[in-house]
Amino acid sequence: MKHLLLVVCLVVWGSLVVVAQDGNKSYSTDSTTSNFIIGYNFSIERDFLMSVSSPYQFETGLSVSHGYRIWSYLYIGGGFGWRFGNFLCIPIFANIKLTPFDRRQAPFFDIKAGYSLNRDENGYFTIFTLGYRVGLGRRQGLTLGVGYHLRTFTVPPDEPNYVPSIYGGSPYIPKEPYPKQFVSVVLGFDL
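Definitions and cut-offs
- Residues numbered from 1 in each chain as written.
- Predicted model: local features only at pLDDT ≥ 70, side-chain atom pairs only at ≥ 80, totals over all residues.
- Heavy atoms only, no water.
- Helix = DSSP H or I, 4+ residues; strand = E, 2+ residues; numbered from the N terminus.
- Buried < 20%, exposed > 50% of the residue type's maximum accessible area, 1.4 Å probe, protein only.
- Polar contact = N/O pair within 3.5 Å; in protein donor to acceptor, adjacent residues only side chain to side chain.
- Contact = heavy atoms within 4.5 Å.
- Patch = residues over 30% accessible without salt bridge, like charges linked within 9 Å, V, L, I, M, F, W, Y side chains within 5 Å.
- Areas by Shrake-Rupley, 256 points an atom, 1.4 Å probe, with all protein chains shown as cover.
- Salt bridge = Lys/Arg side-chain N within 4 Å of Asp/Glu carboxyl O.
- Pairing = 2+ DSSP bridges.
- pLDDT = per-residue confidence, 0-100.
- Phe/Tyr/Trp six-rings, centres within 6.5 Å; stacked < 30°, edge-to-face > 60°.

> In this structure, what is going on with the environment of Thr126? I would like to understand it.
With respect to the secondary-structure elements, Thr126 resides in strand β6 (residues 122-135). Classification of Thr126 by relative accessible area gives partly exposed; the value is 25%. With 14 residues separating them in the primary sequence, Thr126 and Lys112 have C-alpha atoms 5.7 Å apart.

> Sorry if this is basic, but what is going on with the side chain of His149 here?
Here His149 is to be found in strand β7 (residues 141-154). Reaching out from His149, the side chain makes a polar contact with the side chain of Ser184 at a distance of 3.1 Å. Leave out the neighbours within four places in its chain, and His149 touches Asp47, Leu49, Arg83, Thr126, Ile127, Lys180, Gln181, Phe182 and Ser184.

> Hey, could you run me through a nonpolar patch on the surface in this one?
A surface patch of nonpolar side chains, about 1100 Å² in accessible area, is lined by Met50, Val52, Tyr56, Phe58, Leu98, Phe109, Phe128, Leu130, Tyr148, Leu150 and Val183. In this fold, Leu150 is placed in strand β7. By relative accessible area, Leu150 is classed as partly exposed at 33%.

> Looking at this model, I keep getting lost on the pairing of strand β1 (residues 39-51). Mind explaining?
On a regular strand, one side chain projects to one face of the sheet and the next to the other, so that they alternate. Summarising the sheet, β1 and strand β2 (residues 58-71) pair through twelve bridges and their orientation is antiparallel. The partner of Ser43 across the bridge, within β2, is Ser65. What sits between the antiparallel neighbours β1 and β2 is a turn of six residues, in which Tyr56 has the positive phi angle 60°.

> Would you take a moment to explain the pattern of salt bridges for this structure?
Close approach of charged atoms lets side chains of opposite charge pair. Enumeration over the complete set of coordinates arrives at five salt bridges. The closest approach of N and O atoms between Glu59 and Arg151, which form a salt bridge, is 3.0 Å. Taken together, the residues span a long stretch of sequence, with Glu59 in strand β2 and Arg151 in strand β7 at a distance of 92 residues. Among the residues examined, Glu59 registers a relative accessible area of 5% and is labelled buried. Owing to a relative accessible area of 4%, Arg151 belongs among the buried residues under this scheme.

> Looking at this model, I keep getting lost on the confidence of the model for the protein chain. Mind explaining?
Segments scoring low in pLDDT should not have their predicted coordinates read at a detailed level. Considering every residue of the protein chain, the mean pLDDT works out to 77; 68% of them sit at 70 or more. Long-range and interchain partners of residues 7-32, a stretch whose pLDDT sits below 50, account for six contacts in this model, where long-range means more than four residues apart. Segment residues 162-174 is flagged for pLDDT under 50; beyond a separation of four residues in sequence, or across chains, it makes eleven contacts in the model.

> Looking at this structure, I do not really get the side chain of Glu59. What am I missing?
Of note is the side chain of Glu59, whose polar atom sits 3.0 Å from the side chain of Arg151. Excluding its chain neighbours within four sequence positions, the residues that come into contact with Glu59 are Asp47, Phe48, Leu49, Arg83, Phe84, Gly85, Phe87, Arg151 and Phe182.

> What's the story with the environment of Ile70 in this structure? I'm lost.
With respect to the secondary-structure elements, Ile70 resides in strand β2. Taking the C-alpha atoms as reference, Ile70 lies 9.4 Å from Ile37; in sequence the two are 33 residues apart. The contacts of Ile70, once residues within four sequence positions are left out, are Ile38 and Ile76.

> Is there a simple way to explain the packing of aromatic side chains in this structure?
The relative placement of two aromatic rings is captured by the distance of their centres and the angle of their planes. What the rule picks out here adds up to three aromatic pairs. On the numbers, 4.8 Å between centres and 75° between planes, the contact of Trp71 with Tyr73 is edge-to-face. The partly exposed category is assigned to Trp71, whose relative accessible area is 42%. The class for Tyr73 is partly exposed, based on a relative accessible area of 28%. Note on Tyr115 and Tyr124: the rings are 5.0 Å apart at their centroids and 70° apart in plane angle, and the pair reads as edge-to-face.

What follows is the structure, encoded as structure tokens:
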């Protein structure tokens, strides 16, 4: 029993020493201190898309981005994701995020550009997102944004558009690239 009492006293005394040593640090929430740590960053985003160019086409997606925060205002990275709708596609992209204010809660502007792989449609895409970040600490944060997706898809070369020769066409005329436009709501977490 005496040993148990001694262990409890040592644990309590040790925790008081730790609190006393930590007591001289000040944690400021004002905008004069940096709320971002320069270095490696990771973000994961979930988005919900609605087509502007095609009626009643909805998609959902998940993307991850790894990169480097060069200074408090600029993040550069790259990543990949998954899009689910009428089909599954895998976007691979470069990512630039600009946060104009070094505050715990601040707006941001995000650009992703890359190439989307799919069984039926492949093509380039660009995503512009304007949003707001709420910092949970110096590294973590939650983001909410509104995005605009512009995609240019082409049909794979093994699926040609056949034009009958009666109309003077060649049997192998590839389809032209066609754009698709989406608006989205983006929820994210960065670390």
